[in-house]
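Geometric and topological summary
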Amino acid sequence: MLLIPIFHVGAAILLDDGTIVSGNNQENAAFPSGLCAERSAIFWTGANYPEKKIKSIAVVARPGGSDLFRGVSPCGACRQSILEYETRQKSPIRLILVGSDHSILITHSIGDLLPLKFEEF
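Below you will find a few notes about this structure. (Residues numbered from 1 in each chain as written. Predicted model: local features only at pLDDT ≥ 70, side-chain atom pairs only at ≥ 80, totals over all residues. Heavy atoms only, no water.)

1. Some words on the pairing of strand 3 (residues 54–63)
- Direction of pairing for strand 1 (residues 7–15) relative to strand 3: antiparallel, over a ladder of nine bridges. Along strand 3, the bridge assignment pairs Ile 13 with Ile 57.
- Where strand 3 meets strand 4 (residues 94–98), four bridges bridge the pair, whose relative direction is parallel. Opposite Ala 58, over in strand 4, you have Ile 96 as the bridge partner. (Pairing = 2+ DSSP bridges. Helix = DSSP H or I, 4+ residues; strand = E, 2+ residues; numbered from the N terminus.)

Following this line, the structure appears as structure tokens:
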């Protein structure tokens, strides 16, 4: 029997009209077939609110079986997806990360976490 480790990640997106969209990670035994919470929420937002701007994305994680939340930052693929959304909407997306000690890290833009980002020249 194959056991898939459970690591719950949630993302909430605040749109420019006040709408909040949420997403969660989708794990799959055929790694890397799953999808991160950030991209799950971003892609759903892009499909359902294509004219809206994303103002903020908040991310929190919790290992399965634990009541303690952990700080996680977006993976490289998520950072690139957020960057491309920022570029399309021509405005920064604030990133809010919740740490295990309940501290909060807020960045002005995904560029703060992706200093050597892929950009059009």
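2. Regarding the environment of Gly 10
- Tracing the backbone shows Gly 10 in strand 1.
- Taking C-alpha positions, Gly 10 is 9.5 Å from Ser 40, a pair spaced 30 residues apart along the chain.
- Residue contacts for Gly 10: discarding those within four places in its chain leaves Gly 23, Asn 24, Ala 37, Ala 58, Val 59 and Val 60. (Contact = heavy atoms within 4.5 Å.)

3. So, the packing of helix 1 (residues 37–48) against helix 2 (residues 76–89)
- Two elements in contact, helix 1 and helix 2, have axes whose closest approach is 9 Å; the angle formed by their N-to-C orientations is 25°. Considering their axes alone, helix 1 and helix 2 lie roughly parallel with respect to each other. By crossing handedness, the relation of helix 1 to helix 2 is classed as left-handed. Together, Glu 38, Arg 39, Ile 42, Phe 43, Thr 45 and Gly 46 of helix 1 and Ala 77, Cys 78, Ser 81, Ile 82 and Tyr 85 of helix 2 make up the contact between the two elements.
- For the contact of helix 1 with helix 2, the class distribution of residues is six nonpolar, three polar and two charged. (Axes fitted to C-alpha atoms, helices over the stretch in contact; angles between N-to-C directions. Parallel < 35°, antiparallel > 145°, perpendicular 65-115°, else oblique. Left-handed = near helix turned anticlockwise from the far one by under 90°. Nonpolar A, V, L, I, M, F, W, Y, C, P; charged D, E, K, R; others polar.)

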